[in-house]
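A closer look at the structure
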Amino acid sequence: MKPYELTIAQAVKEMAAGEFTAVELTESCLDRIEKIDKKLQAFITVDREGALSQAIAADKERSAGRVGALCGIPLSIKDLLCTKNVKTTCGSKILENYISPYDATVVDRIRKEGGVILGKVAMDEFAMGSTSETCAFGVPQNPVKSGYVTGGSSGGSAASVASLECLGSLGSDTGGSIRQPASLCGVVGMKPTYGRVSRFGLTAFASSLDQVGPLSRSVTDCATLMNVISAYDKKDSTSVRKATPDFTLSLKKGLDGVRVGIPLEYFKQGLDPEVERVVQNGIEVLRSGGAELVDISLPHTEYCVASYYLIASSEASSNLARYDGVIYGYRDQQADSLLDMYKQTRSKGFGAEVKRRILIGTYALSSGYYDAYYKKASQVRTLILGDYKKAYEKCDILISPVTPTPAWKIGENSDNPLAMYLSDILTISANLAGVPGLSVPGGFTGTGLPVGIQIQGDHFGEEKLIQAAYHLEQELNLELPPLDI
Amino acid sequence: MNITKKAVEHVANLARLTLSDEDLDVMTGQLNTILSYVDKLGELDTSKIKPTTHVFSVTNAFREDRVTESLSQEESLANAPLENGESFQVPKII
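Looking only at helices and strands, chain B features three helices and zero strands. Moving toward the C terminus, one meets the helices and strands of chain B in the order α-α-α. Relative to a compact globule of 94 residues, whose C-alpha radius of gyration would be 12 Å, chain B shows 22 Å and is clearly more extended.

Take a look at the structure:
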């Protein structure tokens, strides 16, 4: 096996045994990127020099006996997370040359554990999209099937992990943006409970929904990355003061006594039969592993897309007001008045999907429409949260598909925003309710496209998700899909 | 609820965006499709339901008013499209 093919756990072990150094591992990933990324387009920025100097530092730390949890492990970072001295574009022309003067807290935590940051990966512009096609710097390809979408918005994260360019990645999930691309590319992805992980340095899209989380090639690696990034942060006043458990201790707990809820509304019409087959097989694996199955109803599921797009767009319209051409980012230099400068800067700097959401959000918050749209959506959010609270009286986790269909062709839905929004129907509720969700590879369609299985839990119930996902991973024992790159 | 072209233009102005005639047509059509879809929320009686704006009840997180390290002037101005070494520059306002 080549070093870049390893999981984090395997690489940690091999480096400890002196099989190779962090520099050798990092070089093997950088060479891989050099070889395949021109076509794959997972990376927006590759920081070869920075990565190698971090790897040299990691090797030095190791010889001094200081071995962090990610010592010498090469990772990619979604370009929505601020990295000091390396561009953070958010997939947008408006931030094309933006270099953050500080690291996001999660990036800082990765560096402190010895992690090596290879570069920044592609995403939908400001994380608004479900395929990464709205990225201003090239559309990433699905590594399993060229010409197909990676999913989004953390498409570059999923593609870089699935294609063996790096050993793991950090993404962000506002309505499914970690879980959905993880499912479509065949990797593990987790959205933690809202507040579990600091959002400081995560460029804001919808602040009450955004959450940073890991993408990886194994559930064990997911647990390791969760251990590193989870913590209260005084720089994020919405992060929660709660002790972080050792998530790796949950891996081998088995399923005895675990009550697995099957949300009936997630299996309704529109579900691709091949996706349903994979998920039903996963349910059977959990049952035969000792889990107790319970039928659950989440009656307000059909309202989640409408509620979400009003809330997320409203928050986005407010958050994106900061891109005005004054303090950072692109400015239209031709404008001769301040107002004109604002308008030209924003009109030329933002892409169509971002403008669409700013318009929806501004409308939903505007005088005369606030009650009918934003307030109404927030009331429906209460009902969706209530559905979960009721469900978790009867079960510990919920199992379902991640998306109604496997990956589709690039360009297929890009003219129909509503159809695109509706593809997020199975992941959005977790963000509205702030509960954790995870996608674990469950199988493949007849044509070889990956299909993930979603596991959701109650607030701060990540350990149960990891426990069930590990069981599925071990029992299914899927081979990595052949790559088409 | 239907949104007219004129209303989209008004909202665009509030959001400090300018739309070309063609974009305005496309955007108006798409916003109407999306807004008709979200009207679905009207099926639910929410008259007695409190809105959720945040999943956990968050109160102000106060900290001590103490000077700590922050960005230098140079770092703060490093990304500015136009600056004069001590402040951000913008087109004439008055």
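Continuing now.
Another aspect to go through is the packing of helix α11 (residues 352-365) of chain A against helix α2 (residues 21-38) of chain B. The contact between α11(A) and α2(B) brings their axes to 11 Å, and the two run at 55 degrees. If you check the angle between α11(A) and α2(B), you find them oblique. Classified by chirality, the crossing of α2(B) by α11(A) is right-handed. The segment α11(A) lies against α2(B), with A:R356, A:L359 and A:I360 engaging B:M27, B:Q30, B:L31 and B:I34. Classifying every residue of the contact of α11(A) with α2(B) by side-chain character gives five nonpolar, one polar and one charged.

A word on the interface of chain A and chain B. As a measure of interface size, the accessible area lost when the parts come together is often cited. Of the residues lining the interface, 52 residues belong to chain A; the matching set on chain B comes to 41 residues. Looking at the side of chain A that touches chain B, the elements that each hand over two or more residues are α9 (304-319), α10 (338-349), α11, α12 (371-394) and α13 (417-422) of chain A. At 10 residues, the largest contribution of residues to the side of chain A that touches chain B is made by α12(A). Looking at side-chain class alone, the side of chain A that touches chain B contains 27 nonpolar, 16 polar and nine charged residues.

A separate point is the pairing of strand β10 (residues 437-444) of chain A. Residue and element names in this part refer to chain A. By the criterion of burial, β10 is predominantly enclosed, with six of the eight residues buried. As defined by bridge partners, strand β5 (residues 188-191) adjoins β10 across three bridges and the pair is classed as antiparallel. Across the sheet, K191 pairs through a bridge with G437, a residue of β10. Sheet topology places β10 next to strand β11 (residues 450-457); seven bridges connect them, and they run antiparallel. When the bridges of β11 are listed, G443 appears paired with V451. Here β10 folds back onto β11, and the loop between the two strands holds five residues, one of which, G448, carries a positive phi near 90 degrees.

Before going further, it helps to examine the sheet that holds strand β6 (residues 212-216) of chain A. All names here are of chain A. Pairing is mixed across the open sheet formed by 11 strands, whose spatial order is β1-β3-β2-β4-β6-β5-β10-β11-β9-β7-β8. Each having just a single partner strand, β1 (43-46) and β8 (292-296) make up the two edges of the open sheet. Mean inter-strand twist for the sheet, computed between neighbouring axes without regard to direction, equals 30 degrees. Of the strand pairs in this sheet, strand β7 (residues 259-263) and β8 are connected by five bridges, and their pairing is parallel. Along β8, the bridge assignment pairs I262 with D295. Packing of helix α7 (residues 219-229) onto the sheet brings it into contact with β4 (168-172), β5, β6 and β10, and relative to β6 it is tilted by some 150 degrees.

Let's shift gears to α7(A). The buried count for α7(A) comes to 11 of 11 residues, which makes it a mostly enclosed element. Listed as buried for α7(A) are A:V219, A:T220, A:D221, A:C222, A:A223, A:T224, A:L225, A:M226, A:N227, A:V228 and A:I229.

Low-pLDDT portions of the prediction should not be read for the details of their coordinates. Residues and elements named next belong to chain B. Averaged over every residue, the pLDDT of chain B is 93; the share at 70 or more is 99%. Taken element by element, chain B is modelled with least confidence in helix α3 (residues 73-77), mean pLDDT 95, and with most confidence in helix α1 (residues 5-14), mean pLDDT 97. Per the prediction output, this complex has pTM 0.97; the corresponding ipTM is 0.96.

Calculation rules
- Residues numbered from 1 in each chain as written.
- Chains lettered and ligands numbered in written order.
- Predicted model: local features only at pLDDT ≥ 70, side-chain atom pairs only at ≥ 80, totals over all residues.
- Helix = DSSP H or I, 4+ residues; strand = E, 2+ residues; numbered from the N terminus.
- Rg over C-alpha atoms; globule rule 2.2 N^0.38 Å.
- Axes fitted to C-alpha atoms, helices over the stretch in contact; angles between N-to-C directions.
- Parallel < 35°, antiparallel > 145°, perpendicular 65-115°, else oblique.
- Left-handed = near helix turned anticlockwise from the far one by under 90°.
- Contact = placed C-beta atoms within 7 Å.
- Nonpolar A, V, L, I, M, F, W, Y, C, P; charged D, E, K, R; others polar.
- Buried ≥ 20, exposed ≤ 12 C-beta atoms within 10 Å, placed from the backbone.
- Pairing = 2+ DSSP bridges.
- pLDDT = per-residue confidence, 0-100.

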